[in-house]
Amino acid sequence: MDKQKLCIITGPTAAGKTRLSIEFARKIGGEIISADSMQVYKYMDIGTDKIKPENMGGVRHHLIDFLDPNEDFNVFTFQKLAKEAVSDISSRGHIPVIVGGTGFYIQAVLYDIDFTETDEDDSYRRLLEERVQKEGVHNIYEELMKVDPASCEIIHENNAKRVIRALEYYKKTGKPISEHNLTQRQKESSYDFKYFVLTDRRDILYSRIDKRVDLMIEEGLEDEVRKLAAMDIPRTATSMQGLGYREMLSYIDGECDLERAVYLIKRNTRHFAKRQLTWFKRERDVIWLDKNEYDHDDQKILKEMLKYYEE
RNA sequence: GGACUUGUAGCUCAAAUGGUAGAGCGUGGGACUGAAACUCCCUGUGAGGCGGUUCGAUACCGUCCGAGUCUA
């Protein structure tokens, strides 16, 4: 049986994925699955730069704007929903196009990474978090050293989050996560995929980010965040970790002035774009599309993408 | 015009009784496999110019240039 076709359009934030993806999807008869950890949330439109229905050009979108900001969202959930969407789309004879900047999410779907090993119980994680609060990471790092020294080679001691997860994994499965990761890494994709990474010169990217943040402020980001705050969404919620939301909340709570908040949003977004690029650089079988090499002309890029697609 | 302060890494600033200097932030690079817009790691030879004193000056002296504060 032939492999299922799948396209991916990703790249750092503000590279111009959204607009391009609409044209591309229309050309190939595709439907879009958003791979964005924040655009899943309702009431978070400005800060996530969520596409407006009138800009969708008739292309159907999945995994966007459906979750309450109080709810948690993570890779596993995304993977499950995305796989459902993929089969739904292909069952109707369309091509699934994954669009978004969360590389981890894309990987989870593309290589069908196995996350099914554990239950929902996170009491152990909570316990470890508390211990880190009180004792620092060192002690639990030592514990990880005993059960999974290979992970200690990879995870830096200061990276409490990853140390906790490694211990949690061991506790729940009796196996080291390092071993699991190793086998997952070997996987071949079961899709016939084209993985496009849209990018641009760094300075252009950065100035686009700055402009976009200014625009968000003009469009009323503050108001959007105030409304969320009024909905009693805790600052620790996954949704409130989103860029722009975190910083705005600290401004609203009087921890800094607006100017500072805006500066931080811009800076953190730049850092984020950099991290995204690092991620895509080490992904296999990626097709880089540097806008700079196509005179920043979407039509030229689109032509190139279609060429790859026909292959 | 006079008095004073000041000129150290892209930015904000340290330190060293004269023995060639660090921090934070930015920048750049990297990791990442149920939190990922998360979390974490690595990354800095740079003293305004010219003279002088000295074995040796970014530090002392002179001078020029730039910045700031006060003042007739």
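In short, a report on the structure. Every value quoted in this text rests on a predicted model; they were computed, and no experiment measured them. (Residues numbered from 1 in each chain as written. Chains lettered and ligands numbered in written order. Predicted model: local features only at pLDDT ≥ 70, side-chain atom pairs only at ≥ 80, totals over all residues. Heavy atoms only, no water.)

**As for the side chain of Ser-189**
Argument step 1. Mapped onto the fold, Ser-189 is located in the loop between helix H8 (177-185) and strand S5 (191-199).
Argument step 2. Classification of Ser-189 as buried rests on a relative accessible area of 5%.
Argument step 3. Of note is the side chain of Ser-189, whose polar atom sits 2.7 Å from the backbone oxygen of Leu-110.
Argument step 4. Not counting residues up to four positions away in its chain, the partners in contact with Ser-189 are Lys-3, Leu-110 and Tyr-111. (Helix = DSSP H or I, 4+ residues; strand = E, 2+ residues; numbered from the N terminus. Buried < 20%, exposed > 50% of the residue type's maximum accessible area, 1.4 Å probe, protein only. Polar contact = N/O pair within 3.5 Å; in protein donor to acceptor, adjacent residues only side chain to side chain. Contact = heavy atoms within 4.5 Å.)

**Points about the sheet that holds strand S3 (residues 61-62)**
Backbone hydrogen bonds hold the strands of a sheet together, and the pairing may be parallel or antiparallel.
Argument step 1. On the basis of which strands lie adjacent, the open sheet formed by six strands has the order S3-S2-S4-S1-S5-S6 and parallel pairing. Each edge of the open sheet is held by one strand with a lone partner, namely S3 and strand S6 (286-290).
Argument step 2. Bridge analysis of strand S1 (residues 4-10) against strand S4 (residues 95-99) gives three bridges, and the strand direction is parallel. The partner of Ile-8 across the bridge, within S4, is Ile-98.
Argument step 3. Across the sheet, helix H2 (residues 75-91) touches S1, strand S2 (30-34), S3, S4 and S5, and the angle it forms with S2 is around 175°.
Argument step 4. The sheet contacts of helix H12 (residues 258-282) involve S1, S5 and S6, and relative to S6 the element is tilted by about 135°. (Pairing = 2+ DSSP bridges. Axes fitted to C-alpha atoms, helices over the stretch in contact; angles between N-to-C directions.)

**Some details on the packing of helix H3 (residues 103-110) against H12**
Argument step 1. In the contact formed by H3 and H12, the axes pass within 10 Å of each other and the chain directions differ by 25°. The angle between H3 and H12 places the two elements in the roughly parallel class. Listed contacts from H12 to Gly-103, Phe-104 and Gln-107 of H3 are Trp-279, Phe-280 and Arg-282.
Argument step 2. Of the residues belonging to the contact of H3 with H12, the class tally is three nonpolar, two polar and one charged. (Parallel < 35°, antiparallel > 145°, perpendicular 65-115°, else oblique. Nonpolar A, V, L, I, M, F, W, Y, C, P; charged D, E, K, R; others polar.)

**A few points about empty space enclosed by the protein**
To find the voids left in a structure, one rolls a probe of water-molecule size over its atoms.
Argument step 1. Applying the stated criterion to the full structure yields one cavity of 30 Å³ or more.
Argument step 2. Considered as a void within the structure, the largest cavity measures approximately 50 Å³ in volume.
Argument step 3. Taken together, Lys-5, Leu-6, Cys-7, Asp-192, Phe-193, Lys-194, Tyr-309 and Glu-311 form the lining of the largest cavity.
Argument step 4. Of all elements in the fold, only S1 and S5 reach the threshold of two or more residues within the lining of the largest cavity.
Argument step 5. Residues that form the lining of the largest cavity fall into these classes: four nonpolar, no polar and four charged. (1 Å grid on protein atoms, 1.4 Å probe; cavity = no way out; pocket = protein on both sides within 12 Å on 5 of 7 lines; lining within 4 Å. Points joined across faces, edges and corners; volume = space filled by probe spheres on them.)

**Quick notes on the packing of aromatic side chains**
Argument step 1. Under the defined criterion, the tally for this structure stands at ten aromatic pairs.
Argument step 2. On the numbers, 6.0 Å between centres and 65° between planes, the contact of Phe-73 with Tyr-105 is edge-to-face. Taken together, the residues Phe-73 in the loop between S3 and H2 and Tyr-105 in helix H3 connect sequence positions 32 residues apart.
Argument step 3. According to the relative accessible area criterion, Tyr-105 is buried, its value standing at 6%.
Argument step 4. Aromatic side chains Phe-78 and Tyr-105 sit 4.7 Å apart centroid to centroid with 20° between the ring planes, which places their arrangement in the stacked category. Linking Phe-78 in helix H2 with Tyr-105 in helix H3, this pair joins segments that are 27 residues apart in sequence. Per residue, the accessibility class of Phe-78 equals that of Tyr-105, and both read buried.
Argument step 5. Three or more aromatic residues joined by ring pairs form one cluster here, namely Phe-24, Phe-196, Tyr-308 and Tyr-309. (Phe/Tyr/Trp six-rings, centres within 6.5 Å; stacked < 30°, edge-to-face > 60°.)

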